[in-house]
Amino acid sequence: QRADTIAALINLTLLIVIGLYIAYEGVIRLANPQQVTGWIIILVAGIALIIDVFTAMITHRISKNNMNMRAAFLHNLSDALSSVSVIIAGVLIILFEWYWTDTVLTFMISAFVLWQGITMLPKTIHLLMEGTPIGLSLEDIKLCMNEVSGVENIHHLHVWNLDENRIALEAHVVMMV
(Lines give C-alpha, C1' and ligand atoms only; values in the text may rest on other atoms or scores of the structure.)
Protein backbone atom coordinates (compact mmCIF):
# COMPACT_ATOMS: atom_id res chain seq x y z
CA GLN A 1 0.00 0.00 0.00
CA ARG A 2 2.98 2.30 0.42
CA ALA A 3 4.41 1.89 -3.09
CA ASP A 4 2.49 4.86 -4.55
CA THR A 5 3.44 7.07 -1.62
CA ILE A 6 7.10 6.08 -1.82
CA ALA A 7 7.03 6.71 -5.58
CA ALA A 8 5.48 10.14 -4.89
CA LEU A 9 8.25 10.88 -2.40
CA ILE A 10 10.87 9.91 -4.99
CA ASN A 11 9.13 12.02 -7.69
CA LEU A 12 8.89 15.04 -5.40
CA THR A 13 12.51 14.69 -4.28
CA LEU A 14 13.60 14.54 -7.92
CA LEU A 15 11.42 17.56 -8.68
CA ILE A 16 13.15 19.54 -5.92
CA VAL A 17 16.60 18.41 -7.11
CA ILE A 18 15.68 19.45 -10.67
CA GLY A 19 14.42 22.81 -9.38
CA LEU A 20 17.70 23.39 -7.54
CA TYR A 21 19.69 22.37 -10.62
CA ILE A 22 17.68 24.79 -12.78
CA ALA A 23 18.43 27.57 -10.27
CA TYR A 24 22.11 26.60 -10.36
CA GLU A 25 22.08 26.84 -14.16
CA GLY A 26 20.51 30.29 -13.87
CA VAL A 27 23.28 31.45 -11.54
CA ILE A 28 25.90 30.05 -13.96
CA ARG A 29 24.25 31.99 -16.80
CA LEU A 30 24.33 35.18 -14.73
CA ALA A 31 28.03 34.70 -14.06
CA ASN A 32 28.82 33.65 -17.62
CA PRO A 33 26.15 34.89 -20.07
CA GLN A 34 25.82 32.88 -23.24
CA GLN A 35 24.34 33.83 -26.56
CA VAL A 36 21.84 31.30 -27.76
CA THR A 37 20.29 30.84 -31.18
CA GLY A 38 16.62 31.75 -30.90
CA TRP A 39 15.34 29.53 -33.71
CA ILE A 40 17.04 26.40 -32.44
CA ILE A 41 15.66 26.76 -28.93
CA ILE A 42 12.18 27.51 -30.31
CA LEU A 43 12.25 24.37 -32.46
CA VAL A 44 13.51 22.08 -29.69
CA ALA A 45 11.16 23.60 -27.11
CA GLY A 46 8.21 23.32 -29.52
CA ILE A 47 8.77 19.59 -29.96
CA ALA A 48 9.24 19.16 -26.21
CA LEU A 49 6.05 21.15 -25.53
CA ILE A 50 3.95 18.81 -27.68
CA ILE A 51 5.30 15.80 -25.77
CA ASP A 52 4.96 17.56 -22.38
CA VAL A 53 1.33 18.59 -22.98
CA PHE A 54 0.42 15.07 -24.10
CA THR A 55 1.99 13.43 -21.04
CA ALA A 56 0.54 16.08 -18.70
CA MET A 57 -2.95 15.37 -20.07
CA ILE A 58 -2.50 11.65 -19.45
CA THR A 59 -1.21 12.05 -15.90
CA HIS A 60 -3.78 14.76 -15.03
CA ARG A 61 -6.69 12.38 -15.66
CA ILE A 62 -5.40 9.89 -13.12
CA SER A 63 -3.85 12.34 -10.64
CA LYS A 64 -7.01 13.23 -8.74
CA ASN A 65 -6.90 10.29 -6.30
CA ASN A 66 -3.26 9.29 -6.47
CA MET A 67 -0.41 11.19 -4.85
CA ASN A 68 2.22 9.59 -7.07
CA MET A 69 0.38 10.52 -10.26
CA ARG A 70 -0.15 14.05 -8.89
CA ALA A 71 3.63 14.32 -8.44
CA ALA A 72 4.15 12.93 -11.96
CA PHE A 73 1.60 15.44 -13.31
CA LEU A 74 3.44 18.31 -11.59
CA HIS A 75 6.65 17.06 -13.16
CA ASN A 76 5.00 17.00 -16.62
CA LEU A 77 3.42 20.41 -16.03
CA SER A 78 6.74 21.94 -15.02
CA ASP A 79 8.32 20.47 -18.15
CA ALA A 80 5.54 21.99 -20.30
CA LEU A 81 5.92 25.38 -18.60
CA SER A 82 9.66 25.18 -19.15
CA SER A 83 9.08 24.56 -22.85
CA VAL A 84 6.69 27.52 -23.07
CA SER A 85 9.22 29.78 -21.34
CA VAL A 86 12.01 28.63 -23.62
CA ILE A 87 9.81 29.44 -26.64
CA ILE A 88 9.05 32.90 -25.18
CA ALA A 89 12.76 33.47 -24.51
CA GLY A 90 13.60 32.35 -28.05
CA VAL A 91 11.10 34.81 -29.56
CA LEU A 92 12.40 37.66 -27.39
CA ILE A 93 15.97 36.81 -28.35
CA ILE A 94 15.10 36.80 -32.07
CA LEU A 95 13.05 40.01 -31.94
CA PHE A 96 14.97 42.14 -29.44
CA GLU A 97 18.21 40.26 -28.70
CA TRP A 98 17.19 40.08 -25.04
CA TYR A 99 19.48 37.23 -24.03
CA TRP A 100 18.80 37.94 -20.35
CA THR A 101 15.20 36.66 -20.72
CA ASP A 102 16.52 33.11 -20.88
CA THR A 103 18.09 33.54 -17.42
CA VAL A 104 15.06 35.28 -15.90
CA LEU A 105 12.71 32.58 -17.15
CA THR A 106 15.11 29.93 -15.83
CA PHE A 107 14.74 31.40 -12.33
CA MET A 108 10.95 31.58 -12.70
CA ILE A 109 10.76 27.92 -13.74
CA SER A 110 13.02 26.96 -10.85
CA ALA A 111 10.81 28.84 -8.37
CA PHE A 112 7.67 27.13 -9.72
CA VAL A 113 9.22 23.65 -9.61
CA LEU A 114 10.58 24.16 -6.09
CA TRP A 115 7.28 25.59 -4.83
CA GLN A 116 5.30 22.62 -6.14
CA GLY A 117 7.73 20.06 -4.75
CA ILE A 118 8.09 21.71 -1.36
CA THR A 119 4.33 22.17 -0.86
CA MET A 120 3.50 18.51 -1.63
CA LEU A 121 6.44 16.97 0.22
CA PRO A 122 5.09 17.45 3.80
CA LYS A 123 1.78 15.73 2.89
CA THR A 124 3.68 12.79 1.44
CA ILE A 125 5.94 12.49 4.48
CA HIS A 126 2.92 12.79 6.82
CA LEU A 127 1.28 9.87 5.01
CA LEU A 128 4.45 7.75 5.11
CA MET A 129 4.96 8.47 8.80
CA GLU A 130 1.40 7.31 9.50
CA GLY A 131 0.31 10.63 10.90
CA THR A 132 -3.31 11.15 11.93
CA PRO A 133 -5.32 12.09 8.84
CA ILE A 134 -5.83 15.83 8.57
CA GLY A 135 -9.31 16.85 9.66
CA LEU A 136 -9.81 13.95 12.07
CA SER A 137 -9.82 14.46 15.81
CA LEU A 138 -8.76 11.56 18.00
CA GLU A 139 -10.76 13.07 20.87
CA ASP A 140 -13.92 13.21 18.74
CA ILE A 141 -13.43 9.60 17.63
CA LYS A 142 -12.88 8.52 21.24
CA LEU A 143 -16.03 10.37 22.38
CA CYS A 144 -18.10 8.68 19.64
CA MET A 145 -16.71 5.27 20.55
CA ASN A 146 -17.49 5.86 24.23
CA GLU A 147 -21.14 6.45 23.32
CA VAL A 148 -21.46 2.85 22.10
CA SER A 149 -23.37 0.70 24.57
CA GLY A 150 -21.09 -1.48 26.69
CA VAL A 151 -17.87 0.48 26.10
CA GLU A 152 -16.17 1.19 29.41
CA ASN A 153 -12.82 2.62 28.32
CA ILE A 154 -10.81 3.36 25.17
CA HIS A 155 -7.05 3.80 25.16
CA HIS A 156 -4.08 3.42 22.82
CA LEU A 157 -6.14 4.96 20.02
CA HIS A 158 -4.25 5.33 16.76
CA VAL A 159 -5.70 6.46 13.41
CA TRP A 160 -3.65 6.64 10.21
CA ASN A 161 -3.94 6.49 6.43
CA LEU A 162 -3.12 3.18 4.78
CA ASP A 163 -3.01 5.12 1.53
CA GLU A 164 -4.65 8.32 0.28
CA ASN A 165 -8.13 6.83 0.30
CA ARG A 166 -8.24 4.38 3.20
CA ILE A 167 -8.01 5.11 6.91
CA ALA A 168 -7.17 2.56 9.60
CA LEU A 169 -8.03 2.66 13.29
CA GLU A 170 -6.51 0.65 16.12
CA ALA A 171 -7.52 0.93 19.75
CA HIS A 172 -7.80 -1.00 22.98
CA VAL A 173 -11.48 -1.07 23.84
CA VAL A 174 -12.53 -2.25 27.32
CA MET A 175 -16.08 -3.60 27.34
CA MET A 176 -18.38 -4.10 30.32
CA VAL A 177 -19.21 -7.70 30.96
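See the structure shown above.
The rules behind these values
Residues numbered from 1 in each chain as written. Predicted model: local features only at pLDDT ≥ 70, side-chain atom pairs only at ≥ 80, totals over all residues. Heavy atoms only, no water. Helix = DSSP H or I, 4+ residues; strand = E, 2+ residues; numbered from the N terminus. Rg over C-alpha atoms; globule rule 2.2 N^0.38 Å. Buried < 20%, exposed > 50% of the residue type's maximum accessible area, 1.4 Å probe, protein only. Contact = heavy atoms within 4.5 Å. Areas by Shrake-Rupley, 256 points an atom, 1.4 Å probe, with all protein chains shown as cover. Lys, Arg positive; Asp, Glu negative; His and termini not counted. Charge placed at Lys NZ, Arg CZ, Asp CG, Glu CD. Axes fitted to C-alpha atoms, helices over the stretch in contact; angles between N-to-C directions. Parallel < 35°, antiparallel > 145°, perpendicular 65-115°, else oblique. Left-handed = near helix turned anticlockwise from the far one by under 90°. Nonpolar A, V, L, I, M, F, W, Y, C, P; charged D, E, K, R; others polar. Salt bridge = Lys/Arg side-chain N within 4 Å of Asp/Glu carboxyl O. Phe/Tyr/Trp six-rings, centres within 6.5 Å; stacked < 30°, edge-to-face > 60°. Polar contact = N/O pair within 3.5 Å; in protein donor to acceptor, adjacent residues only side chain to side chain.

A.B. asks: An account of the overall build of the protein chain is needed here, citing residue identities and associated values.
C.D. replies: The number of helices and strands found in the protein chain is 5 helices and 2 strands. Reading the protein chain from its N end, one meets helices and strands in the order α-α-α-α-α-β-β. The C-alpha atoms of the protein chain give 24 Å as radius of gyration, which overshoots the globular expectation for 177 residues (16 Å, by more than 25%). Seen through its principal axes, the protein chain has C-alpha atoms that stretch 85 × 30 × 20 Å. Here the protein chain holds 177 residues, and the buried ones make up 34% of them. Sequence-distant contacts in the protein chain: of pairs separated by 6 or more residues, those separated by 24 or more amount to 66%. Summing over all exposed atoms, the protein chain offers an accessible surface of approximately 11000 Å²; the carbon and sulfur share of this is 69%. Between the mean site of the 8 positive side-chain charges and the mean site of the 14 negative ones, the protein chain shows a separation of 4 Å.

A.B. asks: Describe the packing of helix α2 (residues 38–61) against helix α3 (residues 67–96), listing the residues and the values that go with them.
C.D. replies: Contact pair α2 / α3: the axes reach a minimum separation of 8 Å and the direction vectors enclose 155°. One finds that α2 runs roughly antiparallel with respect to α3. In the crossing of α2 with α3, the sense of the turn from one axis to the other is left-handed. Considering only residue class, the contact of α2 with α3 consists of 19 nonpolar, 8 polar and 2 charged.

A.B. asks: So what's going on with the pattern of salt bridges? Which residues, and what values?
C.D. replies: Taken as a whole and judged by the stated rule, the model has 4 salt bridges. The partner of aspartate 102 in a salt bridge is arginine 29, and the shortest N-O contact between them spans 2.9 Å. Remark: arginine 29 occurs in helix α1 (residues 3–31) and aspartate 102 occurs in helix α4 (residues 100–128); sequence separation between them is 73 residues. Judged by its relative accessible area of 13%, aspartate 102 is buried. Arginine 70 is the salt-bridge partner of glutamate 164, the closest N and O atoms lying 2.4 Å from each other. Taken as a pair, glutamate 164 in the loop between β1 (151–161) and β2 (167–175) and arginine 70 in helix α3 lie far apart in primary sequence, 94 residues in all. Under the relative-accessibility criterion, glutamate 164 is labelled partly exposed at 27%.

A.B. asks: Describe the packing of aromatic side chains, and please don't skip the residues or the numbers.
C.D. replies: Across all of its chains, the model carries 3 aromatic pairs by this definition. Among the aromatic residues, those joined into a cluster by ring pairs are Phe96, Trp98 and Trp100.

A.B. asks: I'd like to hear about the environment of serine 83, residue by residue, with values.
C.D. replies: As for its placement among the helices and strands, serine 83 is situated in helix α3. Distance from serine 83 to isoleucine 109, taken between C-alpha atoms, is 9.9 Å for residues 26 residues apart in sequence. Apart from the residues lying within four places of it in its own chain, the contact partners of serine 83 are Ala45, Ala48, Leu49 and Asp52. One polar contact links serine 83 to aspartate 52, side chain to side chain, over a distance of 2.9 Å.

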